[in-house]
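Close look at the chain arrangement
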Amino acid sequence: MPKSLLFAVLLLTTFTVNFAQNVTQNQCIDKRICSDCIAQKDCAWCLEPDFGDKPRCFPNWSTSDSCPEEYMYSPVNQQTIIVANSTNDVNGFSVPQIYPQRINLKLRPNEEHRLNVRYTQNDTLSTLITMQDTASSAVGVKYYSSCLRYSHPIESSTCDGLTAGDVVNFQAAVIVTECPSDPKDWFQTFQIYPVGINESLTVDLEMRCGCPL
């Protein structure tokens, strides 16, 4: 690659990164309430009691000269598997068909988390499987899978052409799209399940919408 072209590429990359960082910084500084700050992707809040009138919200990838590190609050997504019974062959059938069976999620608003869901096909009559969920309107769920034939996962909640014994790996992309006004609703439980199959993955969700007092 000619040096002039390489220099142009590096200059453009630097400009793009700086522009993105400046946009994030401006979006953070505008937030005056902790809950609004952490609802903005890539922002952190300063919990320092004696902070004066300085902006408390700033990008979590930067360092705040005036906010001690122990007072910086930027919740992260966490996943804990609660029940994960392995699939076994029982009289010629795979039991259970869904793995895992229960998980706990702690999610920051507007920050996607992908969890893995494995489905094992039993039925020789139906070749189609569709994943659905019972998530509330405050939670978005999208599904991705390679469906046994693609080289990489694509956005799809459906896989067809399955035969008995086939294993399909889905990714469920879960995101808290809004914080309910009632803090009691920050704790929700919903199911991810294959249509027509009496099994599901239960998701216990804690929305990290609040801030420490």
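Residues numbered from 1 in each chain as written. Predicted model: local features only at pLDDT ≥ 70, side-chain atom pairs only at ≥ 80, totals over all residues. Heavy atoms only, no water.

**Things to note about the confidence of the model for the protein**
On average, residues of the protein carry a pLDDT of 86, and 86% of them reach 70 or more. Predicted confidence for residues 6–24 stays below pLDDT 50, and this span has six contacts to residues more than four positions away or in other chains. (pLDDT = per-residue confidence, 0-100. Contact = heavy atoms within 4.5 Å.)

**What about the environment of tyrosine 73?**
The residue tyrosine 73 is located in strand E3 (residues 72–73) in this model. Sequence separation between tyrosine 73 and alanine 44 is 29 residues, and the spatial gap between their C-alpha atoms is 5.5 Å. Once residues within four sequence positions are removed from consideration, tyrosine 73 is found in contact with Cys34, Ile38, Ala44, Trp45, Leu47, Gly210, Cys211 and Pro212. (Helix = DSSP H or I, 4+ residues; strand = E, 2+ residues; numbered from the N terminus.)

**Quick look at the pattern of salt bridges**
One side chain can pair with another of opposite charge once the charged atoms of both are near each other. Under the criterion given, the structure shown has three salt bridges. Residues arginine 102 and aspartate 204 are paired through a salt bridge, measuring 2.7 Å at the closest nitrogen-oxygen approach. Of this pair, arginine 102 sits in strand E8 (residues 102–107) while aspartate 204 sits in strand E16 (residues 201–207), placing them 102 residues apart in sequence. On the basis of relative accessibility, which here comes to 17%, the residue aspartate 204 falls in the buried class. Notably, a salt bridge pairs arginine 114 with glutamate 112, separated by 3.1 Å at the nearest N-O pair. (Salt bridge = Lys/Arg side-chain N within 4 Å of Asp/Glu carboxyl O. Buried < 20%, exposed > 50% of the residue type's maximum accessible area, 1.4 Å probe, protein only.)

**Some words on the environment of asparagine 122**
You can see asparagine 122 is positioned in the loop between strand E9 (113–120) and strand E10 (129–133). As a C-alpha pair, asparagine 122 and threonine 163 span 41 residues in sequence and 7.7 Å in three-dimensional space. With near-sequence residues (within four places) excluded, asparagine 122 lies in contact with Phe93, Ser94, Gln97 and Ala164.

**Side note on the pairing of E9**
Taken together, the two bridges between strand E7 (residues 98–99) and E9 define a ladder with antiparallel strand orientation. The residue bridging isoleucine 98 from the neighbouring strand is tyrosine 119, located in E9. (Pairing = 2+ DSSP bridges.)

**So, the side chain of arginine 56**
Assignment of secondary structure puts arginine 56 in the loop between strand E1 (43–46) and strand E2 (57–59). For the buried arginine 56, which has no salt bridge, the nearest side chain bearing the opposite charge is glutamate 48, at an N-O separation of 6.8 Å. Polar side-chain contacts of arginine 56 include one of 2.7 Å to the backbone oxygen of glutamate 48. At a separation of 3.5 Å, a polar atom in the side chain of arginine 56 contacts the main-chain carbonyl oxygen of proline 49. (Lys, Arg positive; Asp, Glu negative; His and termini not counted. Polar contact = N/O pair within 3.5 Å; in protein donor to acceptor, adjacent residues only side chain to side chain.)

**Details of the environment of asparagine 198**
Within the secondary structure layout, asparagine 198 lies in the loop between strand E15 (187–194) and E16. Given the relative accessible area of 80%, asparagine 198 is considered exposed. Once the C-alpha coordinates of asparagine 198 and isoleucine 98 are considered, the two residues, 100 residues apart in sequence, prove to be 9.9 Å apart.

**Considerations on the side chain of aspartate 204**
Of the polar contacts made by the side chain of aspartate 204, one reaches the side chain of arginine 102; its length is 2.7 Å. When sequence neighbours within four positions are dropped, the list of residues in contact with aspartate 204 reads Arg102, Ile103, Asn104, Leu105, Gln188 and Thr189.

**Comments concerning the state of the cysteines**
Under the defined criterion, the tally for this structure stands at six disulfides. Covalently, cysteine 34 is tied to cysteine 211 through a disulfide, its sulfur atoms 1.9 Å apart. Looking along the S-S bond of the cysteine 34-cysteine 211 disulfide, the torsion reads about -95 degrees, which is the left-handed sense. One end of the pair, cysteine 34, is in helix H2 (residues 34–38); the other, cysteine 211, is in the segment after E16, with 177 residues separating them in the sequence. Among the residues examined, cysteine 211 registers a relative accessible area of 24% and is labelled partly exposed. Cysteine 46 shares a disulfide with cysteine 67; S-S distance 2.1 Å. Between cysteine 46 and cysteine 67, the S-S dihedral sits near 95 degrees, and the bridge is therefore right-handed. With cysteine 46 in strand E1 and cysteine 67 in the loop between E2 and E3, this residue pair connects regions lying 21 residues apart in the sequence. Since its relative accessible area comes to 4%, cysteine 67 is described here as buried. With cysteine numbering restricted to those in disulfides and following the sequence, the protein has the pairing 1-4, 2-12, 3-6, 5-7, 8-9, 10-11. (Disulfide = S-S within 2.5 Å.)

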